[in-house]
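# Commentary on secondary and tertiary structure
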Amino acid sequence: MQVSHANNVKIYNLSAGKALPEWLTDRQKRKLQHKDDDVRRRLELIQDFEMPCVSNCVKVSPDEQFICASGTYKPRFRCYSVHELCLKFEHGLDSNVVNFQFLSEDYSKVCFLQDDRFVEFHSQFGRLFRMRLPKYGRDLAYYPPSCDMYFVGVSPEINRINLEKGRFMKPLVSTATEINCCEFNPVNYLFGCGTKLGHLDCWDPRSRGNVGTLDIATSNFVQDFKQVMLFSIVICLLF
């Protein structure tokens, strides 16, 4: 693929540009990129980077070497290699995925939150374990220090599953009727939840208590609160 600039507008030509021979080693490709400007500016596309119908969740692995996506129809999970620029594998699932979370640096351990109230834990070879949530879930987050998975959904309870013990822990109870999304702050692991009424509830996973609530809604109903800047504001207010 060749990239050109016209009036400060980038134009991507998918059928133009130089193609490198497949028999070249990585070292020879790097040397050629230093010598040839056209090769250095060349962009490569991931092959088969698509879903048959709809893709509802796309994430990059923590090591930034793989791009994983879940989609329908039929429910499936695909993993793409950034280094090889191709589809690495595809798994078929029993139900549609609401969201998923990486439990390792690569794709080897993944947790799926499905729309039939089931949670599935997958390893490299496929499904490892499956369990059912008390209520329908909408989002999930992982707390590495204690190996806890947090699930929020159509109830005020924040369900917790300890992966080391393999059982449910005592849930956290919010004042909201429903919770739409959740996320951990990567710096201090403050747990934030976006509620249906437009409130941002923050919890300390060490004391399992609510440390603050921020009303950020301009109306009685707001759909999405999962923004990193909100957590920065809360940290400044609390600390």
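Structure: see above.
For every chain, the first residue of its written sequence is number 1, and the numbers climb from 1 along that sequence. For this predicted model, a pLDDT threshold of at least 70 governs which residues receive local features, and a threshold of 80 or more governs which side-chain atom pairs are given and counted, while totals over whole chains, interfaces and linings are taken from all residues. Neither water nor hydrogens contribute to the side-chain values; these are computed over all heavy atoms in the structure.

## A few points about the pattern of salt bridges
- Any carboxyl oxygen of Asp or Glu within 4 Å of a side-chain nitrogen of Lys or Arg constitutes a salt bridge here. Tallying each qualifying case throughout the model produces nine salt bridges.
- With its nearest N and O atoms 3.3 Å apart, the salt bridge here joins Arg-130 to Asp-116. Placement of Arg-130 in strand β10 (residues 126-132) and of Asp-116 in the loop between β8 (110-114) and β9 (118-123) is noted, with a sequence separation of 14 residues between them.
- Throughout, exposure labels follow a simple rule: accessible area from a 1.4 Å probe, protein chains only, divided by the maximum for the residue type, with under 20% read as buried, over 50% as exposed, and the rest as partly exposed. For Arg-130, a relative accessible area of 28% translates into the label partly exposed. A run of H or I in DSSP counts as a helix once it spans at least four residues, and a run of E counts as a strand once it spans at least two, with each numbered from the N terminus.

## Quick word on the packing of aromatic side chains
- Any two of the Phe, Tyr and Trp rings considered here, Trp counted by its six-membered ring, make a pair once their centres fall within 6.5 Å; the pair's planes then place it as stacked at under 30 degrees, edge-to-face at over 60, or tilted in between. According to the stated counting rule, one finds 14 aromatic pairs in the structure shown.
- Judged by centre distance (4.8 Å) and plane angle (75°), the ring pair of Phe-49 and Tyr-80 falls under edge-to-face. Of this pair, Phe-49 sits in the loop between α2 (37-40) and β3 (54-60) while Tyr-80 sits in strand β5 (residues 76-81), and the two are 31 residues apart along the sequence.
- Ring-pair connections join several aromatic residues into one group, and the members of that group are Phe-66, Phe-77, Phe-89, Phe-100, Phe-102, Tyr-107 and Phe-112.
- The rule for a charge over a ring is simple: NZ of Lys or CZ of Arg within 6 Å of the ring centre, and within 35 degrees of the ring normal. It is Lys-59 that lies over the ring of Phe-100; its NZ or CZ is 5.4 Å from the centre.
- Positioned above the aromatic ring of Phe-118, the side-chain terminus of Arg-130 is 3.7 Å from the ring centre.

## Observations concerning the pairing of strand β18 (residues 209-215)
- Two strands pair when backbone bridges link them, and strand β17 (residues 199-204) and β18 are joined in this way by six bridges, in the antiparallel orientation. Across the sheet, the residue bridging to His-199 is Asp-215, located in β18.
- Where β17 hands over to β18, the hairpin turn is made up of four residues, of which Arg-208 adopts a positive phi near 55°. Pairs of strands are assigned from DSSP output, requiring at least two bridges between the strands.

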